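One letter stands for each residue in the lines below.
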Amino acid sequence: MNFLHIGYPKCASTFLQTLYFTRDNKFLNLLQIPEWKLFIENQLLSAQSSYYLSTPPDLSDFDIDESYMIGLSTENFLDGIHLVDLQIALQRWRTMFPETKVLIVIRKQEDLIYSNYIQYLRAGYFRNIDTYLKEIIWNSQQSIWGRLYFDRVYEITRNVFEE
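Note that the structure is a prediction, hence the values are computed from the model and not measured.

Engineer: Please provide a residue-by-residue account of the overall build of the chain, values included.
Structural biologist: On a plain count of helices and strands, the chain comes out with six helices and four strands. Ordered by position from the N terminus, the helices and strands of the chain form the series β-α-β-α-β-α-β-α-α-α. Since a compact globule built from 163 residues should have a radius of gyration of about 15 Å, the 17 Å found for the chain is in line with a globular shape. With the C-alpha coordinates aligned to their principal axes, the bounding extent of the chain is approximately 50 × 40 × 30 Å. A fraction of 72% describes how many contacts in the chain between residues 6 or more apart in sequence connect residues 24 or more apart. When the accessible area of the chain is evaluated, it comes to approximately 10,100 Å², of which 51% is carbon and sulfur surface. Taking the 15 positively charged and 20 negatively charged side chains of the chain as two groups, their mean positions are separated by 7 Å.

Engineer: Before we move on, can you summarise the packing of aromatic side chains with the specific residues and values?
Structural biologist: In this structure the tally under the stated criterion is 16 aromatic pairs. Centre to centre, the rings of W36 and F97 are 6.2 Å apart; their planes meet at 35 degrees, and the pair counts as tilted. Of the two residues, W36 sits in helix 2 (residues 34–44) while F97 sits in the loop between helix 3 (86–96) and strand 4 (100–105), which places them 61 residues apart along the sequence. For the pair W36 and F97, a shared accessibility class is recorded, and that class is buried.

Engineer: Can you explain the side chain of N29? Please cite residues and give values.
Structural biologist: Within the secondary structure layout, N29 lies in strand 2 (residues 27–29). Note on N29: relative accessible area 3%, which makes it buried. Sequence-distant contacts of N29, that is, excluding residues within four places in its chain, are made with F3, Q17, F21, G71, L72 and S73.

Engineer: Describe the packing of helix 3 against helix 6 (residues 150–160), listing the residues and the values that go with them.
Structural biologist: Packed helix pairs are characterised by how far apart their axes lie and by the angle those axes make with each other. Contact pair helix 3 / helix 6: the axes reach a minimum separation of 10 Å and the direction vectors enclose 30 degrees. Relative to helix 6, the element helix 3 lies roughly parallel. Handedness of the helix 3/helix 6 crossing: right-handed. Between helix 3 and helix 6, the contacting residues are L86, Q87, L90, Q91 and R94 on the first element and V153, I156, T157 and V160 on the second. Split into classes, the residues belonging to the contact of helix 3 with helix 6 amount to five nonpolar, three polar and one charged.

Engineer: Summarise the layout of surface pockets; cite the residues concerned and give the values.
Structural biologist: Considered as a void within the structure, the second largest pocket measures approximately 150 Å³ in volume. If you trace the second largest pocket, you find it lined by R94, P98, E99, T100, K101, N159, V160, F161, E162 and E163. Breaking the lining of the second largest pocket down by element, the ones donating at least two residues are strand 4 and helix 6. Tallied by class, residues from the lining of the second largest pocket come to three nonpolar, two polar and five charged.

Engineer: I'd like a description of the nonpolar core, backed by residues and values.
Structural biologist: Of all hydrophobic cores here, the largest spans 41 residues; its most connected members are L30, W36, I40, L44, F77, L90 and W93. Those elements that provide at least two residues to this core are strand 1 (2–7), helix 2, strand 3 (69–74), helix 3, helix 4 (109–122), helix 5 (129–138) and helix 6. For this core, the element with the highest residue contribution is helix 3, accounting for five residues. Beyond its immediate sequence surroundings of up to four residues, L30 is in contact with W36, K37, I40, L59, I70, G71, W93 and F97. Residues L16, F21, F27 and M69 belong to the second largest nonpolar core, which totals five residues.

Engineer: Give a description of the pairing of strand 1 that names residues and reports values.
Structural biologist: Burial runs high along strand 1: six of the six residues are buried. Of the two faces of strand 1, both are covered, the one formed by N2, L4 and I6 as well as the one formed by F3, H5 and G7. Bridge count for strand 1 against strand 3 is five bridges, and the pairing is parallel. Bridging across to strand 3, I6 finds its partner in T74. Examined bridge by bridge, strand 1 and strand 4 share six bridges and lie parallel to one another. Note that in strand 4 the partner of N2 across the bridge is T100.

What counts, and at which threshold
- Residues numbered from 1 in each chain as written.
- Predicted model: local features only at pLDDT ≥ 70, side-chain atom pairs only at ≥ 80, totals over all residues.
- Heavy atoms only, no water.
- Helix = DSSP H or I, 4+ residues; strand = E, 2+ residues; numbered from the N terminus.
- Rg over C-alpha atoms; globule rule 2.2 N^0.38 Å.
- Contact = heavy atoms within 4.5 Å.
- Areas by Shrake-Rupley, 256 points an atom, 1.4 Å probe, with all protein chains shown as cover.
- Lys, Arg positive; Asp, Glu negative; His and termini not counted.
- Charge placed at Lys NZ, Arg CZ, Asp CG, Glu CD.
- Phe/Tyr/Trp six-rings, centres within 6.5 Å; stacked < 30°, edge-to-face > 60°.
- Buried < 20%, exposed > 50% of the residue type's maximum accessible area, 1.4 Å probe, protein only.
- Axes fitted to C-alpha atoms, helices over the stretch in contact; angles between N-to-C directions.
- Parallel < 35°, antiparallel > 145°, perpendicular 65-115°, else oblique.
- Left-handed = near helix turned anticlockwise from the far one by under 90°.
- Nonpolar A, V, L, I, M, F, W, Y, C, P; charged D, E, K, R; others polar.
- 1 Å grid on protein atoms, 1.4 Å probe; cavity = no way out; pocket = protein on both sides within 12 Å on 5 of 7 lines; lining within 4 Å.
- Points joined across faces, edges and corners; volume = space filled by probe spheres on them.
- Core = buried A, V, L, I, M, F, W, Y, C linked by side-chain atoms within 4.5 Å.
- Pairing = 2+ DSSP bridges.

What follows is the structure, given as structure tokens:
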């Protein structure tokens, strides 16, 4: 069976990736394989249509049996720079793995925004929360504000995958 975890930033994605989506638990997270990581980041999620190379790396060299779930757990579907549209990325994934089961973990929006603000402060951001809110609202296509439409993300994902 195949899985896809569309990880919202600051919604336990790292926790899931380090403690749950592991080989010990019979998960093969393709992002942990160097060739797949390059393909996912540079083709699947970011290559515009005219540059997209749809042939993924080979999986035959890995010691996995039918009990393994092969897939992807990443925040990069929703939290990267220069990404293709979510629907395009999901359709590309579906072409490779049509029987995918999808997991989306969400969080209270105000907690998500505040957590992201604290992360920015730790990275050197120095403005107050009011300015931060104005900035992320103004730049909603590139900021976390634009990813708060949980219902749209669900709807787009549901239109591509059934489960």
